[in-house]
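Residue-level structure breakdown
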Amino acid sequence: MRVLYFAWLRERIGVGSEEVSPPDGVATVADLVAWLKTREPRYAAAFEDTAAIRVALDQEQAEFDDPLTGVREVALFPPVTGG
Amino acid sequence: MAVRVQEADFDPGAELEALAAGNTEIGAVVSFTGLVRGSGGVETMTLEHYPGMTEKALEAIEAEAHERWALQASAIIHRIGPMIPGERIVFVATASRHRGVAFEAAEFLMDYLKTRAPFWKKEVAADGTAKWVDARESDDGAAARWAR
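The present account deals with the structure reproduced in this document.

**Describing the pairing of strand β6 (residues 88–96) of chain B**
Residue and element names in this part refer to chain B.
- Counting buried residues along β6, eight of its nine residues qualify, which places the element largely inside the surrounding structure.
- As paired strands, strand β2 (residues 28–35) and β6 are joined by eight bridges and run antiparallel to one another. In the sheet register, V29 faces β6, and the bridge partner there is A95.
- Across seven bridges, the pairing between strand β4 (residues 71–79) and β6 is antiparallel. Bridging across to β6, H78 finds its partner in V90.

Right under this line is the structure:
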């Protein structure tokens with residue numbers, strides 16, 4: 001599964017995208033973020049306030065309790081500020 | 001219908017002319033052009049986006065506008081990359097038989113663009129300090145009024 005990070009989330013984590021293989025039991029976006037936070041302190045720091053994070057699954061807006069079944073691309077980012 | 005995400009500047013006059021060209025059903029053309037503000041000592045603003053999703057999100061917003069209103073034509077242009085205050089950053093235009101539809105649909109396009117399209121602004125001040133722009137609750141409120 002490919003995970004993408006944007007804006008300050010990308011800067012705090014230090015990469016824009018990476019391939020990850022989460023363990024069994026990581027079923028939803030919330031599970032994925034919880035697992036990412038256990039990997040390294042920079043992830044724990046970046047995801048400290050998950051209320052400030054939005055998610056897209058295969059380039060469609062999604063929610064933290066959405067399942068990851070069949071998903072190839074997960075994007076995590078702050079609320080959008082275009083326009 | 002047309003969506004463009006580009007680094008280059010655009011010419012609103014030329015875009016408006018192209019929008020209505022050849023369609024004499026059009027009686028109203030409305031457009032919005034957003035500029036980079038220089039308030040707060042901003043020296044440069046950089047627009048980051050999510051290539052792939054950005055275009056899909058803008059196309060979905062435009063398609064929804066055409067579903068809701070009897071539009072004859074529309075256009076959305078959003079720039080990415082570094083810009084300076086005074087530069088054009090975003091453009092939406094709508095064309096319809098009468099003005100009411102074009103006004104409403106143009107507001108809808110901007111309200112949804114600001115809350116649903118994956119763009120992020122980073123401001124750099126003259127002293128070099130960089131700051132990611134925070135999302136505004138008033139933008140969520142503006143988008144919420146179109147909820148069905």
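Now, onward.
**A few points about the environment of Q59(A)**
- Structurally, Q59(A) is set in the loop between β3 (54–57) and β4 (60–62).
- Given the relative accessible area of 18%, Q59(A) is considered buried.
- Along the chain, Q59(A) and R72(A) lie 13 residues apart, while their C-alpha atoms are 9.8 Å from each other.
- Each residue touching Q59(A), except ones within four places of it in the same chain, is listed here: E73(A), Y50(B), P51(B), G52(B), M53(B) and K56(B).
- Polar contacts involving the side chain of Q59(A) include one to the main-chain amide nitrogen of M53(B), which spans 3.3 Å.

**Examining the sheet that holds strand β1 (residues 3–6) of chain B**
Residue and element names in this part refer to chain B.
- The sheet built from four strands is open, its strands ordered β1-β4-β6-β2 with mixed pairing. A single partner strand is all that each edge strand has here, and the edge strands are β1 and β2. Neighbour to neighbour, the strand axes of the sheet diverge by 10° on average, direction disregarded.
- Two strands pair when backbone bridges link them, and β1 and β4 are joined in this way by four bridges, in the parallel orientation. Bridge pairing in β4 links V5 to H78.
- Sitting on the sheet, helix α3 (residues 99–116) is in contact with β2, β4 and β6, with an inclination near 145° to β6.

**Some words on the side chain of H49(B)**
- Relative to the assigned elements, H49(B) resides in strand β3 (residues 42–49).
- A polar contact of 2.9 Å, which involves the side chain of H49(B), links it to the side chain of T54(B).

**Some details on the interface of chain A and chain B**
- Contact with chain A, which involves 20 residues of that partner, is made by 25 residues of chain B.
- Taken over both partners, the interface formed by chain A and chain B buries close to 1800 Å², and the fraction arising from carbon and sulfur atoms is 56%.
- The largest contributions to the chain A side of the interface with chain B come from Q59(A), T81(A) and G83(A), which together make up 37% of the buried area.
- Applying the counting criterion to the chain A and chain B interface returns two salt bridges.
- At the boundary of chain A with chain B, the tally comes to twelve residue pairs in polar contact (both at pLDDT 80 or more).
- Where the side of chain A that touches chain B is concerned, the elements lending two or more residues are α1 (7–13), β4 and β5 (73–77) of chain A.
- A per-element tally of the side of chain A that touches chain B places α1(A) first, with four residues.
- Among the residues making up the side of chain A that touches chain B, the classes are represented as ten nonpolar, five polar and five charged.

**Looking at the nonpolar core**
- Membership of the largest hydrophobic core comes to 34 residues, with the highest contact counts inside it found for Y5(A), L9(A), L32(A), L36(A), F47(A), L76(A) and Y50(B).
- Secondary structure elements with two or more residues in this core: β1 (2–5), α1, α2 (29–39), α3 (41–46), β3 and β5 of chain A.
- If one sorts the elements of this core by residue count, α2(A) sits on top with five residues.
- Residue contacts for Y50(B): discarding those within four places in its chain leaves L4(A), F6(A), A56(A), Q59(A), E73(A), A75(A), F77(A), E55(B), P118(B) and W120(B).
- Core analysis: the second largest hydrophobic core is formed by 29 residues, L71(B), A105(B), L109(B) and F119(B) among them.

**A few points about the side chain of R79(B)**
Residue and element names in this part refer to chain B.
- Here R79 lies in strand β4.
- Take R79: its relative accessible area is 5%, and that puts it in the buried class.
- Within the local environment of R79, its side chain forms a polar contact with the side chain of E87, the two groups lying 2.9 Å apart.
- Beyond its immediate chain neighbours, meaning those up to four positions away, R79 contacts Q6, E7, A8, D9, F10, L47, E87, R88 and I89.

**Some thoughts on the pairing of β1(A)**
Residues and elements named next belong to chain A.
- Bridge count for β1 against strand β2 (residues 17–19) is three bridges, and the pairing is antiparallel. Opposite V3, over in β2, you have E18 as the bridge partner.
- When β1 meets β5, the two strands line up parallel, connected through four bridges. Its bridge partner lying in β5, V3 is registered against V74.

Definitions and limits used
Residues numbered from 1 in each chain as written. Chains lettered and ligands numbered in written order. Predicted model: local features only at pLDDT ≥ 70, side-chain atom pairs only at ≥ 80, totals over all residues. Heavy atoms only, no water. Buried < 20%, exposed > 50% of the residue type's maximum accessible area, 1.4 Å probe, protein only. Helix = DSSP H or I, 4+ residues; strand = E, 2+ residues; numbered from the N terminus. Pairing = 2+ DSSP bridges. Contact = heavy atoms within 4.5 Å. Polar contact = N/O pair within 3.5 Å; in protein donor to acceptor, adjacent residues only side chain to side chain. Axes fitted to C-alpha atoms, helices over the stretch in contact; angles between N-to-C directions. Buried area = accessible area lost by both parts, 1.4 Å probe. Salt bridge = Lys/Arg side-chain N within 4 Å of Asp/Glu carboxyl O. Nonpolar A, V, L, I, M, F, W, Y, C, P; charged D, E, K, R; others polar. Core = buried A, V, L, I, M, F, W, Y, C linked by side-chain atoms within 4.5 Å.

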